[in-house]
Amino acid sequence: HSRKSYDWQDIAYRHALAMNHNIIISGGSADTKFLVSGSVNGRNAIVSPGNYTRYILRGNFSHNITRKLNLGLTAGYLRRCLTESGSTGISNGGSYFGADVLTPPTVGPYNDDGSWRDMTTLYPFSSSSIINLVNYRESHRQQATANNFILNASLTWQPFTALALKSVFGYI
């Protein structure tokens, strides 16, 4: 009779993809210039559910009010999203990376009733610190999102070719 076998490294890891998309639009006239750019950058970790996504939006605007007076505006927005599972622990299978190697291929992550399998009681030779890596990855999932916004305005007065006075106001 054949028994099901579990490839714990296949369960623990996945192919990790990365993507990066950028767009830039710029233009203007002799007195007015603008630039708007945006990007999305995403990376998956080899350990599911780990991933990181970053969104960036920037804008620059410059206008010569007169031949000697210039107004400038710069704005930026950054959003970072992170999802991860902890991978720290102790030796002998007590960490995510140890459990994928030391868990016997003869057992799966779940008991017949669908509950999590306790890997420490499988066999007399099982490590007393070995973890169920599927349970660990699900129960140690962490998510974090950060939003940052920056705005700067400047006014530049150039009374002479060799002299320019600039005031900058900002919000972070």
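Residues numbered from 1 in each chain as written. Predicted model: local features only at pLDDT ≥ 70, side-chain atom pairs only at ≥ 80, totals over all residues. Heavy atoms only, no water.

1. Details of the side chain of Ser154
Okay, step 1: Relative to the helices and strands, Ser154 is located in strand β5 (residues 141–160).
Okay, step 2: In contact with Ser154, not counting residues within four places along its chain, are Asn70, Leu71, Gly72, Lys166, Ser167 and Val168. (Helix = DSSP H or I, 4+ residues; strand = E, 2+ residues; numbered from the N terminus. Contact = heavy atoms within 4.5 Å.)

2. As for the pattern of salt bridges
Okay, step 1: Under the defined criterion, the tally for this structure stands at two salt bridges.
Okay, step 2: A salt bridge links Glu138 to Arg137, with the nearest nitrogen and oxygen atoms 3.9 Å apart.
Okay, step 3: Taking the shortest distance from any N to any O, the salt bridge between Glu138 and Arg141 comes out at 3.0 Å.
Okay, step 4: Looking at Arg141, the relative accessible area reads 39%, which means it is partly exposed.
Okay, step 5: Several salt bridges converge on common partners, so that one network encompasses Arg137, Glu138 and Arg141. (Salt bridge = Lys/Arg side-chain N within 4 Å of Asp/Glu carboxyl O. Buried < 20%, exposed > 50% of the residue type's maximum accessible area, 1.4 Å probe, protein only.)

3. Description of the nonpolar core
Okay, step 1: Membership of the largest hydrophobic core comes to 13 residues, with the highest contact counts inside it found for Trp8, Tyr96, Met119 and Leu133.
Okay, step 2: Those elements that place two or more of their residues in this core are α1 (8–12), α2 (96–102) and α3 (133–139).
Okay, step 3: Among the elements that line this core, the one with the most residues is α3, at three residues.
Okay, step 4: Those residues within four positions of Trp8 in sequence are excluded, and the remaining contacts are Asp100, Thr103, Pro104, Pro105, Val107, Gly108, Pro109, Met119, Leu133 and Val134. (Core = buried A, V, L, I, M, F, W, Y, C linked by side-chain atoms within 4.5 Å.)

4. Details of the sheet that holds strand β1 (residues 18–28)
Okay, step 1: Strand order in the open sheet made by the six strands is β1-β2-β3-β4-β5-β6, with antiparallel pairing throughout. Edge positions in the sheet fall to β1 and β6 (163–171), since each has one partner strand and no second. For this sheet, the mean angle separating the axes of adjacent strands, direction not counted, is 10°.
Okay, step 2: The pairing of strand β3 (residues 51–64) with strand β4 (residues 69–85) spans 14 bridges and is classified as antiparallel. Paired with Tyr55 across the two strands is Arg79, which belongs to β4. (Pairing = 2+ DSSP bridges. Axes fitted to C-alpha atoms, helices over the stretch in contact; angles between N-to-C directions.)

5. Side note on the pairing of β4
Okay, step 1: Connecting β3 to the antiparallel partner β4 that follows it, the hairpin turn spans four residues.
Okay, step 2: With 17 bridges connecting them, β4 and β5 associate as antiparallel partners. Pairing of Thr83 across the sheet is with Gln143, part of β5.

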